[in-house]
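Chain by chain, the residues run as shown.
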Amino acid sequence: MRKRDHVIPLRLSSRELHRLQQQCDASGLPREEHLRSLIAGAEVRPKPCTHHADLLRKVAGLCNNANQLAHVANATGYADQTSVEEMTRIARQVWEEVKENW
């Protein structure tokens, strides 16, 4: 790890400190790391909301199901009506999950 020997005192107004703290809270980064990221020119983005990981997991599962149906259709050379309906149902379910949670 790099050694950080230089300390830079920084004076902020109450308003500036509040704004900095809001940005740190949104990004989930400590103040020093947040400021270092800004100095390095990195785009500091807000951390994902709490339901984000759960939604991605659900969408990935639904996509896996659709992929399995498509694999069977490709292997057999045709897609029967039930497979098409199942893929349509999965696509609607993905859309509903996204609409509800975003």
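Residue numbers run consecutively from 1 along every chain, following the written order of its sequence. Where local features are concerned, this predicted model is filtered to residues with pLDDT of at least 70; where side-chain atom pairs are given and counted, the filter is 80 or more; whole-chain, interface and lining totals use all residues. Just so you know, side-chain values use all the structure's heavy atoms and leave hydrogens and water out.

1. A closer look at the overall build of the protein
Here is step 1 of the chain: What the protein contains, in helices and strands, is 4 helices and 0 strands.
Here is step 2 of the chain: N-terminal to C-terminal, the α/β element order of the protein is α-α-α-α.
Here is step 3 of the chain: Expressed as lengths along the three principal axes of its C-alpha atoms, the size of the protein is roughly 70 × 30 × 20 Å.
Here is step 4 of the chain: Partly exposed describes any residue whose relative accessible area lies between the buried limit of under 20% and the exposed limit of over 50%, with all areas from a 1.4 Å probe on protein chains only and scaled to the type maximum. Out of the 102 residues in the protein, the part that is buried amounts to 14%.
Here is step 5 of the chain: Counting only contacts in the protein whose residues sit at least 6 apart along the sequence, the fraction spanning at least 24 positions is 33%.
Here is step 6 of the chain: Accessible surface, the protein as shown: approximately 8,800 Å² in total, 55% of it carbon and sulfur.
Here is step 7 of the chain: Positive charges come from Lys and Arg alone, negative charges from Asp and Glu alone, with His and the N- and C-terminal ends not counted. Lys charges are placed at NZ, Arg charges at CZ, Asp charges at CG and Glu charges at CD. Distance from the positive charge centre (15 side chains) to the negative charge centre (13 side chains) of the protein: 10 Å. Working definition: helices are DSSP H or I runs of at least four residues, strands are E runs of at least two. Numbering for both runs from the N terminus. By definition in these notes, contact holds between two residues if any of their heavy atoms fall within 4.5 Å. Method for areas: the Shrake-Rupley scheme with a 1.4 Å probe, in which residue coverage is limited to the protein chains shown.

2. Some details on the packing of helix α1 (residues 14–27) against helix α2 (residues 31–39)
Here is step 1 of the chain: Here an angle of 0 to 180 degrees is reported between the N-to-C directions of two axes, which are lines fitted to C-alpha atoms, with helices fitted over the stretch in contact. One can describe the packing of α1 onto α2 by two numbers: an axis separation of 10 Å at closest approach and a directional angle of 90°. Comparing their axes, α2 and α1 come out roughly perpendicular. Between α1 and α2, the contacting residues are Leu17, Leu20, Gln21, Gln23, Cys24 and Ser27 on the first element and Arg31, His34 and Leu35 on the second. Here the angle decides the label: under 35 degrees means roughly parallel, over 145 means roughly antiparallel, 65 to 115 means roughly perpendicular, and every other value means oblique.

3. Digging into the environment of Gln23
Here is step 1 of the chain: Within the secondary structure, Gln23 sits in helix α1.
Here is step 2 of the chain: Separated by 22 residues in the primary sequence, Gln23 and Arg45 place their C-alpha atoms 9.1 Å from one another.

4. Examining the confidence of the model for the protein
Here is step 1 of the chain: In predicted models, pLDDT denotes the confidence assigned by the predictor to each residue on a 0 to 100 scale. Residues with a pLDDT of 70 or more make up 97% of the protein, whose mean pLDDT is 83.
Here is step 2 of the chain: The least confident element of the protein is helix α4 (residues 81–101), whose mean pLDDT is 78; the most confident is α1, at 93.

5. Looking at the side chain of His34
Here is step 1 of the chain: The residue His34 is located in helix α2 in this model.
Here is step 2 of the chain: If near-sequence neighbours (up to four positions away) are discounted, His34 is found in contact with Leu20, Gln23, Cys24, Ser27, Leu29 and Val44.

6. Quick word on helix α3 (residues 52–76)
Here is step 1 of the chain: To estimate how far a helix should reach, multiply one less than its number of residues by 1.5 Å. Over its 25 residues, α3 runs 36 Å from end to end, which matches the ideal 36 Å to within 8%, given 1.5 Å per residue.
Here is step 2 of the chain: Along α3, the residues that are buried comprise Leu55, Val59, Leu62, Ala66 and Ala73.
Here is step 3 of the chain: Phi for Gly77, located one or two positions after α3, is positive at around 90°.

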